Amino acid sequence: LLNHRPIQYVLNEAWFQGMKFYVDENVLIPRPETEELVEWIVQTEKNRARLTILDIGSGSGCIPISLANKLPQASIHSCDISSEALLVAQKNASDLLADINWHHLDFLEEKNWAKLPTPDIIVSNPPYIPQIGSMQMDPHVVDYEPAIALFVPDENALLFYIAIADYAMKYGLPGTAVYVEIHEDLADAVKQCFQKAGLQKIEIRQDMQERDRMVRAISP
C-alpha cells in the first residue's frame, strides 16, 4: 500500500454488483460507474424473453457475469485480447456460477467479427483514455493497472467506438442495442461517431457524479 499498489490487488478482491471478484494486475479494478452501466442494461432489457449479449473487453468478467446473474434468460458472450485477463474472468465465472462463452481475440481485427455471435445487445467498457492523460493520473492506476485496458492513442481516441459501431451495423440485427462506457470528455465525439456509422436513437447518460459516462444507441 505504501508503494501505491491498489488495495484490491493486495487483497485480490473487488466488489461489484454485490459479488466478490478476484482481481490482479492483469485486469482493471471494477468501477462504480460500470455498475451503473450494468444497471441501465438490466432495467431496460429485463423483460425481453430471449437475449444474446456480447461484451467486448472481458477484463475481470464483471460485466458479463453480472448480466448473467441479473438476466438469466440471456446467452452471454465475452471477448478479450488478453489471455491473462480471460483466465481471471474464467475463474470469476466459475466461482460465481455464471455460464459465459469466452472468446480470445482482438476485436479491432475485423476478420475476427465473424467468430462472434449475432447479438441483441452489445456492451463494452473499452480503453478510452488518451495516452497523454496518463500524465495527470494517480500512480496507483498508471503503475499497476493494465495499460492495454486503459489507454488509446492520442490521435485515435475513438478507435474502439468506431469498431463497435461498425460491428453493430454489420453484424447486429435491426434493433440491436449498443451500450458503452465513455470518457466524460468524449460524449459528443462518441455520439457523432455512432451517428456517422448509422446508429440511431443515441442517448447519453450521466453517472451519479453527473458526468457524461454512458451512451446507448440502436442499430437500424
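This text goes with the structure placed above it.
Presented here is an overview of the structure given in this document. A quick note: this is a predicted structure, and the numbers were derived from the prediction, not measured.

Topic: the overall build of the protein chain
Here is step 1: Counting secondary structure elements, the protein chain contains 7 helices and 11 strands.
Here is step 2: What you see for the protein chain is a C-alpha radius of gyration of 16 Å, in line with the 17 Å of a compact globule of 220 residues.
Here is step 3: Along the longest, intermediate and shortest principal axes, the C-alpha atoms of the protein chain span 50 × 40 × 35 Å.
Here is step 4: Of the roughly 10600 Å² of accessible surface on the protein chain, a fraction of 49% belongs to carbon and sulfur atoms.
Here is step 5: Positive and negative side-chain charges of the protein chain, numbering 18 and 31 respectively, have mean locations separated by a distance of 7 Å.

Quick look at the sheet that holds strand β10 (residues 200-206)
Here is step 1: The strand order across the open sheet built from 7 strands is β5-β4-β3-β6-β9-β11-β10, with neighbouring strands paired in mixed fashion. Taken across any chain shown, the strands that pair with only one partner, and hence form the sheet edges, are β5 (101-104) and β10. When the angles between neighbouring strand axes are averaged without regard to direction, this sheet yields 15 degrees.
Here is step 2: Where strand β3 (residues 51-56) lies against strand β4 (residues 74-80), 6 bridges are found, and the strand directions are parallel. Residue Thr-52 lies in a different strand from β4, and its bridge partner there is Ser-75.
Here is step 3: Across the sheet, helix α3 (residues 62-70) is in contact with β3, β4, β5 and β6 (121-124); its angle to β4 comes to roughly 175 degrees.
Here is step 4: Against the sheet, helix α6 (residues 159-171) engages β3, β6 and β9 (177-181), with an angle of about 170 degrees to β9.

Thoughts on helix α2 (residues 32-45)
Here is step 1: With 14 residues, α2 ought to run about 20 Å at 1.5 Å a step, and its terminal C-alpha atoms sit 20 Å apart, in line with that.
Here is step 2: Those residues of α2 that sit buried are Glu-33, Thr-34, Glu-36, Leu-37, Val-38, Trp-40, Ile-41, Val-42 and Glu-45.

What to know about the state of the cysteines
Here is step 1: A complete count under the given rule lists 0 disulfides for this structure.
Here is step 2: Of all cysteine sulfurs in the structure, the one in Cys-79 sits closest to Cys-62, which takes part in no disulfide; the separation is 14 Å.
Here is step 3: Judged by relative accessible area, Cys-62 falls into the buried class, the value being 9%.
Here is step 4: With no disulfide of its own, Cys-193 has Cys-79 as its nearest cysteine by sulfur position, at a separation of 17 Å.

Section: helix α7 (residues 187-197)
It helps to recall that an α-helix has 3.6 residues per turn; residues three or four apart then point in one direction.
Here is step 1: Here α7 has its buried residues at Ala-187, Val-190, Cys-193 and Phe-194. Burial along α7 is one-sided: seen end-on, the buried residues are contained in an arc of 130 degrees. In α7, the exposed positions that point more than 90 degrees away from the buried face belong to Asp-188, Gln-192 and Lys-196.
Here is step 2: Buried residues belonging to α7 abut α6, β9, β10 and β11 (212-218).
Here is step 3: One or two steps after α7, the chain reaches Gly-198, where phi turns positive at roughly 115 degrees.

Digging into the environment of Arg-5
Here is step 1: Mapped onto the secondary structure, Arg-5 falls in the segment before α1 (7-11).
Here is step 2: On the accessibility criterion, Arg-5 (29% relative accessible area) is partly exposed.
Here is step 3: Between the C-alpha atoms of Arg-5 and Glu-25, which are 20 residues apart in sequence, the distance is 9.7 Å.
Here is step 4: Of note is the side chain of Arg-5, whose polar atom sits 3.3 Å from the backbone oxygen of Tyr-9.

The rules behind each value
Residues numbered from 1 in each chain as written. Predicted model: local features only at pLDDT ≥ 70, side-chain atom pairs only at ≥ 80, totals over all residues. Heavy atoms only, no water. Helix = DSSP H or I, 4+ residues; strand = E, 2+ residues; numbered from the N terminus. Rg over C-alpha atoms; globule rule 2.2 N^0.38 Å. Areas by Shrake-Rupley, 256 points an atom, 1.4 Å probe, with all protein chains shown as cover. Lys, Arg positive; Asp, Glu negative; His and termini not counted. Charge placed at Lys NZ, Arg CZ, Asp CG, Glu CD. Pairing = 2+ DSSP bridges. Axes fitted to C-alpha atoms, helices over the stretch in contact; angles between N-to-C directions. Contact = heavy atoms within 4.5 Å. Expected span 1.5 Å × (residues − 1). Buried < 20%, exposed > 50% of the residue type's maximum accessible area, 1.4 Å probe, protein only. Disulfide = S-S within 2.5 Å. Arc of directions from axis to C-beta. Polar contact = N/O pair within 3.5 Å; in protein donor to acceptor, adjacent residues only side chain to side chain.

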